[in-house]
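Given next are the chains, with one letter for each unit.
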Amino acid sequence: MTNDEVEKSEPASWARVEEGRHDRTIEENWLFRLRAERFRSRASGLTHDFFVIHLADGVHAIAITPENEVLFVRQFRAASGRDSLEVPGGLIDPGEDPLAAGGRELLEETGYAGDPPELVGTLWSNPAIVTMRTTTIVVRNARKVAEPRLDHTEELTVERVPAAAIPGMIRNGRIDHALVVAGLFWWLADEKEKGGR
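Residues numbered from 1 in each chain as written. Predicted model: local features only at pLDDT ≥ 70, side-chain atom pairs only at ≥ 80, totals over all residues. Heavy atoms only, no water.

## Things to note about the pairing of strand β4 (residues 47–55)
Move 1: Bridge analysis of strand β3 (residues 32–41) against β4 gives 9 bridges, and the strand direction is antiparallel. Considered in β4, the bridge of R38 is made with D49.
Move 2: Hairpin connection, β3 to β4: the antiparallel pair is bridged by 5 residues, and G45 has positive phi, about 85 degrees. (Pairing = 2+ DSSP bridges. Helix = DSSP H or I, 4+ residues; strand = E, 2+ residues; numbered from the N terminus.)

## Things to note about the sheet that holds strand β5 (residues 58–63)
Whenever strands of a sheet pair, they do so through backbone hydrogen bonds, lying parallel or antiparallel.
Move 1: The strand order across the open sheet built from 4 strands is β8-β5-β11-β10, with neighbouring strands paired in mixed fashion. Both edges of this open sheet fall to β8 (89–91) and β10 (118–124), since each of them pairs with a single strand only. Averaged over all neighbouring strand pairs, the angle between strand axes comes to 20 degrees, with direction disregarded.
Move 2: Bridging between β10 and strand β11 (residues 133–139) involves 6 bridges; their strand directions are antiparallel. (Axes fitted to C-alpha atoms, helices over the stretch in contact; angles between N-to-C directions.)

Quick look at the structure:
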């Protein structure tokens, strides 16, 4: 049973009040919509407004070269105020398949493409306050086929990291983006289960 099937079969412990009639938008811009959404506890009857950030789903692409290196991008992140080492990724366009989105983001950010993308899995980014889910994909045999096509605010550098070095880089904090780390560990666990490729 998938996560979505479990969610649909088990009712949540809190239910939306009056089909959202009391919900209100606090802020809306090109990136997200912040709303106060009212729910009631099925156990206690308590009613409470929760703040929810509606944000498009995202994708991360673990691209592996024929030399068994993984492509990373180093880019500035405003919330941490520093550069972050991450796998390529971005937001999924409305109606876009996550596998296609991952391949698109990989090509745009690095100029690399490879074998057809494989699904690793999908995780909630932060289900307490954000609607965004992030899908991680794998692209094998990644080779440079074009120059990157970056957005006007994107300034990043591409780094090739030996796959065997990734667990150590996570342990020592060089890779510390939580969703990237989760996707990498999921991928590494799958590879171990398959006996490596």
